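# Per-entry structural report
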Amino acid sequence: MIEIKKQKEPAKLVAHKKKKYATYTNMPMDVHQAVLESLMREQGFICAYCMRKIPQKGKEPAVTIEHIEAQSSTDIRAALDYRNMLAVCNGNRGNAENAMTCDARRKNVPLTVNPLKPSTLLGIQYKPDGMIFSTDENVNRDLTVTLNLNCNDFGLVDCRRDALQKMLAVLKEKHSSGDIKLYCAKLLKTYKEESTKTPYVGILIYWLEKHC
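Heads up: these notes are all about the structure in this document. Small disclaimer: the values here were computed from a predicted structure and weren't measured. (Residues numbered from 1 in each chain as written. Predicted model: local features only at pLDDT ≥ 70, side-chain atom pairs only at ≥ 80, totals over all residues. Heavy atoms only, no water.)

### Here's the deal with the packing of aromatic side chains
- Taken as a whole, this structure holds one aromatic pair when the rule is applied.
- Between Y126 and Y206, the ring centres sit 5.7 Å apart and the planes meet at 55°, which makes this aromatic pair tilted. Linking Y126 in strand 3 (residues 124-126) with Y206 in helix 8 (residues 201-211), this pair joins segments that are 80 residues apart in sequence. Both residues of the pair, Y126 and Y206, belong to the buried class. (Phe/Tyr/Trp six-rings, centres within 6.5 Å; stacked < 30°, edge-to-face > 60°. Helix = DSSP H or I, 4+ residues; strand = E, 2+ residues; numbered from the N terminus. Buried < 20%, exposed > 50% of the residue type's maximum accessible area, 1.4 Å probe, protein only.)

### A word on helix 2 (residues 29-43)
- Taking 1.5 Å per residue as the helical rise, helix 2 with its 15 residues ought to reach 21 Å, and the 21 Å between its terminal C-alpha atoms agrees with that figure.
- Listed as buried for helix 2 are V31, A34, V35, L36, S38, L39, M40, E42 and Q43.
- In this structure, the buried side of helix 2 is in contact with helix 1 (11-17), strand 1 (64-67) and strand 2 (85-88).
- Positive backbone phi, at 70°, marks G44, one or two positions downstream of helix 2. (Expected span 1.5 Å × (residues − 1). Contact = heavy atoms within 4.5 Å.)

### Focus on the state of the cysteines
- Under the defined criterion, the tally for this structure stands at zero disulfides.
- Just so you know, C50 is unpaired, no disulfide at all, and the nearest cysteine sulfur is the one on C89, 3.7 Å from it.
- C102 carries a free sulfur, and the closest cysteine sulfur to it, the one in C50, is 3.7 Å from it. (Disulfide = S-S within 2.5 Å.)

### Regarding unusual backbone geometry
- Of note, the amide linkage connecting I54 to P55 takes the cis form, showing an omega dihedral of -5°.
- Note on placement: P55 falls in the loop between helix 2 and strand 1.
- A cis geometry characterises the amide bond from E60 onward to P61, with omega recorded as -5°.
- Within the secondary structure, P61 is located in the loop between helix 2 and strand 1.

### Re the environment of Y200
- Structurally, Y200 can be placed in the loop between helix 7 (180-193) and helix 8.
- Linking Y200 and A62, residues 138 residues apart in sequence, is a C-alpha distance of 17 Å.
- Among residues more than four places away in sequence, those in contact with Y200 are C50, M51, R52, L156, C159, R160 and A163.

Remember, this is a structural readout, not a statement about activity or role.
The following block contains the structure:
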């Protein structure tokens, strides 16, 4: 999980909110799509929680809008607040509960972790095998239980591990041909600034910040 910086809300959402009796549930399809596209762009086309690539091909839904503060615990205004919205993956929706992730697993459980609040991300770490955890007890519960981000029924942990191993293989080649520290610094900058994020980029940024 990495920090997400909110951008300007879509004009279509602004217009919808000005309508009398506007709610999230009666949002027109074109407005809903505009919001999703805006959310995906600002997140670099990866899920706000697990960092899978979105939209997901062959999944239904391929991408969905997640409310950080669940709709069941907010009013109509908060449900339409763009700052309360994220784009998330399918979360293996429709499978057994222990095989679901992200908002499909979370449902309406309150979260401490919030990708819009960097302070809640500070304790997040990764093991070489791809496991994610946090030194903050509440955040760790969010990651491992509520969002089930160590679920490997569909290869989530393995995907993070493979992304790390792929990067390490490149670094091994570079180590013998030049200044590895300089290359790592450039790579870290690239990962942080890329407009279309590398899937599972959180583990890559974590490793580079820790070792370079």
